[in-house]
Amino acid sequence: MRRIALTGGIATGKSYVRARFEALGLPAADADAIVHELLREADVVARVSARFGPAVLDPAGVVDRRALGRLVFGDAAARAGLEGILHPLVYQRVARWMASQRRAGTRAALADIPLLFETGHEHDFDVVVVAACDPAEQVRRAVARDGSSEEAVRARLAAQWPIGEKVARADHVIRTDGPFEETDRQVEALYRVLVA
């Protein structure tokens, strides 16, 4: 089975690209969705609370992702602490999911992992696809999508590798600067290559 990783940066259109691959029949796992699940699990909530204090929990005792994000995106040591809790668990779940796809006889499966290169896990996969657009477009999209300030978006971008470096290391690149139809054409062409 061909193990495909999809990565990119904030607001590069990665989720759209993943959805297009899924629509074509390529099974996909989403690392962000796995993180959301983990942050609702009691043992992970306890570890996050122990590391960052009760201020990162909402009144119901659930991790307040916005509060946690404000804390970790402004502090490299805090971000590393959170990543130390979450990343091993995310990769364990992705590996289990990939194994289940292999057992099911799937020819190719994709994992959407935003921080693939940053975590050094690109070698866990047979193919790395990067969704990319101009960095100024990333900022524009993220501000419009999240309602965040440009400063907050730039802080989040600073926590990731520059998109140009990811593009340079990719096996395949899907450019998302243009209209959706152009992205769709690139995805469809690459899908045929990946499942051949």
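Placed above this text is the structure.
Keep in mind the model is a prediction, meaning the values are calculated, not measured. (Residues numbered from 1 in each chain as written. Predicted model: local features only at pLDDT ≥ 70, side-chain atom pairs only at ≥ 80, totals over all residues. Heavy atoms only, no water.)

1. Regarding the overall build of the chain
So, point 1. Check the secondary structure of the chain and you find nine helices and five strands.
So, point 2. Mapped in sequence order, the helices and strands of the chain form the string β-α-β-α-α-α-α-β-β-α-α-α-β-α.
So, point 3. Computed over its C-alpha atoms, the radius of gyration of the chain comes to 17 Å, within 12% of the 16 Å expected for a compact globule of 196 residues.
So, point 4. The principal-axis extents of the C-alpha atoms in the chain amount to approximately 50 × 40 × 25 Å.
So, point 5. Buried residues in the chain amount to 44% of all 196 residues. (Helix = DSSP H or I, 4+ residues; strand = E, 2+ residues; numbered from the N terminus. Rg over C-alpha atoms; globule rule 2.2 N^0.38 Å. Buried < 20%, exposed > 50% of the residue type's maximum accessible area, 1.4 Å probe, protein only.)

2. What about the pattern of salt bridges?
So, point 1. Here the structure, examined in full by the defined rule, presents 17 salt bridges.
So, point 2. A salt bridge links Arg 145 to Asp 146; the nearest nitrogen and oxygen atoms lie 2.8 Å apart.
So, point 3. Its relative accessible area of 26% is what places Asp 146 among the partly exposed residues.
So, point 4. Note that Glu 150 is salt-bridged to Arg 154, the shortest N-O span being 3.1 Å. Linking Glu 150 with Arg 154, this pair stays in helix 7 (residues 150-158), spanning four residues, or about one helical turn.
So, point 5. By relative accessible area, which is 44% here, Glu 150 ends up partly exposed. (Salt bridge = Lys/Arg side-chain N within 4 Å of Asp/Glu carboxyl O.)

3. Observations concerning the pairing of strand 1 (residues 2-7)
So, point 1. Bridge analysis of strand 1 against strand 3 (residues 108-112) gives five bridges, and the strand direction is parallel. In the sheet register, Ile 4 faces strand 3, and the bridge partner there is Leu 110.
So, point 2. Direction of pairing for strand 1 relative to strand 4 (residues 127-132): parallel, over a ladder of four bridges. Its bridge partner lying in strand 4, Ala 5 is registered against Val 128. (Pairing = 2+ DSSP bridges.)

4. A short note on the packing of helix 2 (residues 31-38) against helix 5 (residues 76-103)
So, point 1. Packing of helix 2 against helix 5 leaves a shortest axis separation of 10 Å and a crossing angle of 120°. Where helix 2 crosses over helix 5, the handedness of that crossing is right-handed. Note on element contacts: helix 5 touches helix 2 through Leu 86, Leu 89, Val 90, Arg 93 and Val 94, opposite Ala 31, Ile 34, Val 35, Glu 37 and Leu 38.
So, point 2. Looking at the contact of helix 2 with helix 5 residue by residue, the classes come out as eight nonpolar, no polar and two charged. (Axes fitted to C-alpha atoms, helices over the stretch in contact; angles between N-to-C directions. Left-handed = near helix turned anticlockwise from the far one by under 90°. Contact = heavy atoms within 4.5 Å. Nonpolar A, V, L, I, M, F, W, Y, C, P; charged D, E, K, R; others polar.)

5. Comments concerning the packing of helix 1 (residues 14-23) against helix 9 (residues 180-194)
So, point 1. Two elements in contact, helix 1 and helix 9, have axes separated by 10 Å at closest approach and are oriented at 55°. One element, helix 1, and the other, helix 9, form an angle in the oblique class. Crossing geometry of helix 1 relative to helix 9 is assigned as right-handed. On helix 9, the residues that touch Tyr 16, Val 17, Arg 20 and Phe 21 of helix 1 are Phe 180, Thr 183, Asp 184, Val 187, Glu 188, Leu 190, Tyr 191 and Leu 194.
So, point 2. Here the contact of helix 1 with helix 9 is composed, by residue class, of eight nonpolar, one polar and three charged. (Parallel < 35°, antiparallel > 145°, perpendicular 65-115°, else oblique.)

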